[in-house]
Amino acid sequence: MDYVIRVHASPLDIPAQAWDALLAQQDAPSPFMQHAYLAALHTSGSATPDTGWTPQFVSLWLGETLAAACALYIKDHSYGEYVFDWAWANAYANHGLSYFPKATCAVPFTPVPGSRLLAIDAPARQALLQAMLDVAKEHQLSSLHLLFTSPDDRAACNALGLMQRQTVQFHWHNVDLQGQRFESFDAFLASLSQEKRKKIKQERRRVVDAGVTFRTSVGEDISTTDWDFFYQCYERTYLEYGNAPYLSRAFFEQMQRDMPHNWVLFVAEREGRPIASSLVSVQGLGTSEAVTYGRYWGALERVDCLHFEACYYQPLSWCIANGVQRFEGGAQGEHKMARALMPVATYSAHWLAHPAFADAVERFLERETAGVDNYLDHLAERSPFKRQEQQ
């Protein structure tokens, strides 16, 4: 196919309607690949050349039709990616070579699996990936990385010989022992082993005994005052760990304006004062395929077990009440299994320009993949659910 290939220094250079229409056709769309989300990262100053994310979005056109597109960045660091390649960078440095700059196809600061190579069909997807490789070679970059890919993405990467890597996340599914959705949070608890059920009840009781209550706001009902309070919590969490937050207040202003229906906010209050909050994103609310994504949290006061209540039990209760089929808990964290978030494999794909390093990384990934598979098997044996306990 004779595509016209374009490289864009800003997501704003690609028409939003064409991008979102293409996203809707993919096997794993998410709110984070919407044009408004990527544009907000750029215009708010959160993901720009000044922060080490230089956009080189690639698009393929058939006449006036957008046939394929991706969010590609040239990077001089690996922060905000959640697929860790610092050891690779160190190996390059130890041999007097530069690992940075590199090319990364990802949603900045967002470890959520989903479609990365937006395309009208498989041939267009492979052509897009080849165009990305050409960009990497043209800029003499060390490597190309596609993070948290979908099955269709992986098929394209396999066809062009990219190396595949596995990591592990923890997701909750709204399904009881009979394969039906939970009717209530108590019904969900009843599906767990006695030990896990008791632990969750104890944790929730500590929050109640501390005098903490929650209120939930969805979409346009999240007020500017609530957004301001959320950002205060979010910023404080980063500052407590000695880091500046990745996302600016301006970014969330754009979320409130351009994507309000994709957000749910839980605010913890004590004696009439807000003391903590957690923010989740939602896709397809009101449909049988609705998914929520745990994103950010923060607290201004210390309360025992408040993190678990705000980030897991309140969102899970809301998911059950609203028929949401899956809650994705984000990157890492075996402790999530005690809250019935189960391990799932996530994937990335990698190309390295240097033949010797590519060969070394390929051998490393073979060993790492075997280790991840064993780790997943081990985690599966620790299921918190009754069904596994009784087998």
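Below or above, wherever it landed, is the structure these notes cover. Every value quoted in this text rests on a predicted model; they were computed, and no experiment measured them.

Rules used in this analysis
For every chain, the first residue of the written sequence is number 1, and numbering continues from 1 along that sequence. Where totals are concerned, whole chains, interfaces and linings use all residues; where local detail is concerned, this predicted model gives features only for residues with pLDDT of at least 70, and gives and counts side-chain atom pairs only at 80 or more. No hydrogens and no water enter the side-chain calculation; it runs on all heavy atoms of the structure. Elements are defined by DSSP. Helices are runs of H or I of four residues or more, strands are runs of E of two residues or more, and each kind is numbered from the N terminus. In this treatment the radius of gyration is a C-alpha quantity, and the globule benchmark scales as 2.2 Å times the residue count to the 0.38 power. Residue contacts are defined here by distance: any two heavy atoms, one from each residue, within 4.5 Å place the two residues in contact. Disulfides are defined as pairs of cysteine sulfur atoms found within 2.5 Å of each other. Here an angle of 0 to 180 degrees is reported between the N-to-C directions of two axes, which are lines fitted to C-alpha atoms, with helices fitted over the stretch in contact. Here is the rule for handedness: rotate from the far helix to the near one, and if that takes an anticlockwise turn smaller than a right angle the crossing is left-handed, while a clockwise turn gives right-handed. Put simply, Ala, Val, Leu, Ile, Met, Phe, Trp, Tyr, Cys and Pro go in the nonpolar bin, Asp, Glu, Lys and Arg in the charged bin, and everything else, Gly too, in the polar bin. A pair of strands is considered paired only if DSSP assigns at least 2 bridges between the two. Here, the term nonpolar core denotes a set of buried Ala, Val, Leu, Ile, Met, Phe, Trp, Tyr and Cys residues that are joined through side-chain atoms within 4.5 Å. Burial classes: relative accessible area under 20% of the type maximum marks a residue as buried, over 50% as exposed, and values in between as partly exposed (1.4 Å probe, protein chains only). The patch calculation keeps residues exceeding 30% relative accessible area without a salt bridge and links them within 9 Å when they carry like charges or within 5 Å when they are nonpolar (Val, Leu, Ile, Met, Phe, Trp, Tyr). Per-residue accessibility takes into account occlusion by the displayed protein chains alone, with areas from the Shrake-Rupley method and a 1.4 Å probe. Just to be clear on terms, a salt bridge is a Lys or Arg side-chain nitrogen sitting within 4 Å of an Asp or Glu carboxyl oxygen.

1. Brief notes about the overall build of the chain
Each helix and strand counted, the chain has twelve helices and 15 strands in total. Computed over the C-alpha atoms, the radius of gyration of the chain is 22 Å, within 12% of the 21 Å expected from 2.2 N^0.38 for a compact globule of 391 residues. Its C-alpha atoms put the chain at 60 × 50 × 40 Å along the principal axes. Sequence separation of at least 24 residues holds for 75% of the intrachain contacts in the chain that already meet a minimum separation of 6.

2. Here's the deal with the state of the cysteines
Counted according to the given criterion, the structure contains zero disulfides. In this structure C305 is not part of a disulfide, and its nearest cysteine sulfur, from C311, lies 12 Å away. In this structure C319 is a free cysteine whose sulfur lies 13 Å from that of C311, the closest cysteine sulfur available.

3. Observations concerning the packing of helix 3 (residues 86-94) against helix 11 (residues 355-380)
Here helix 3 crosses helix 11 at 145°, and the two axes come no closer than 12 Å. Here helix 3 runs over helix 11; the crossing is right-handed. On the side of helix 3, the interface is formed by W88, A91 and Y92, while helix 11 contributes F357, V361, F364 and L365. Residue classes in the contact of helix 3 with helix 11 are distributed as seven nonpolar, no polar and no charged.

4. Considerations on the sheet that holds strand 2 (residues 53-55)
Read from one edge to the other, the open sheet built from eleven strands follows the order 2-5-6-8-15-9-14-13-12-11-10, with strand pairing classed as mixed. Each edge of the sheet is formed by a strand with only one pairing partner; in this case those strands are strand 2 and strand 10 (212-218). Sheet twist, expressed as the average angle between the axes of neighbouring strands with direction ignored, equals 30°. Where strand 9 (residues 163-173) lies against strand 14 (residues 326-331), four bridges are found, and the strand directions are antiparallel. Within strand 14, the position partnered with H173 by the bridge is R326. Across the sheet, helix 5 (residues 151-159) is in contact with strand 8 (143-147), strand 9 and strand 15 (342-352); its angle to strand 9 comes to roughly 170°.

5. Some points on the nonpolar core
Counting 41 residues, the largest nonpolar core has W19, Y37, L38, L41, F230, F252 and W263 as the members making the most contacts within it. Contributions of two or more residues to this core are made by helix 1 (16-23), helix 2 (35-43), strand 3 (57-62), strand 4 (65-70), helix 8 (224-240), helix 9 (249-258), strand 11 (263-270) and strand 13 (291-299). Non-local contacts of L38, meaning those with residues more than four positions away in its chain, are made with P11, W19, F32, M33, F57, A71, Y73 and V107. If you look at the next biggest cluster of nonpolar residues, it comprises 31 residues, including F170, F182, V324 and L341.

6. Observations concerning the environment of A190
Along the polypeptide, A190 turns up in helix 6 (residues 185-190). Overall, A190 belongs to the partly exposed group, its relative accessible area being 36%. Ignoring sequence-local partners within four residues, the contact set of A190 consists of R197 and K386.

7. Quick look at a nonpolar patch on the surface
On the surface, a nonpolar cluster with roughly 330 Å² of combined accessible area is contributed by Y79, F84 and W86. Locating F84 in the fold gives a position in the loop between strand 5 (72-75) and helix 3. Among the residues examined, F84 registers a relative accessible area of 44% and is labelled partly exposed.

8. Comments concerning the sheet that holds strand 7 (residues 118-119)
Within a beta sheet, neighbouring strands are joined by backbone hydrogen bonds and run either parallel or antiparallel to one another. One open sheet holds the four strands; their spatial order is 1-3-4-7, and the pairing between them is antiparallel. If you trace the sheet from one side to the other, it starts and ends with strand 1 (4-8) and strand 7, each paired once. Where helix 1 meets the sheet, it contacts strand 3, strand 4 and strand 7, and its direction lies at approximately 75° from that of strand 4.

9. Thoughts on the pattern of salt bridges
Within the structure shown, the criterion is met by 22 salt bridges. A salt bridge links K196 to E195, with the shortest nitrogen-to-oxygen separation between them at 3.9 Å. Owing to a relative accessible area of 59%, E195 belongs among the exposed residues under this scheme. Taken together, the shared-partner salt bridges in this structure form one network comprising K75, E81, D85 and K102.

10. Section: unusual backbone geometry
Outside of glycine, negative phi angles account for most residues, and trans bonds account for most peptide bonds. The linkage connecting F100 with the following residue, P101, adopts the cis geometry, with an omega of 5°. Relative to the helices and strands, P101 is located in the loop between helix 3 and strand 6 (102-105). For Y82, which is not glycine, the phi torsion reads 70° and is therefore positive. Here Y82 lies in the loop between strand 5 and helix 3. One non-glycine residue, F109, adopts positive backbone phi at about 65°.

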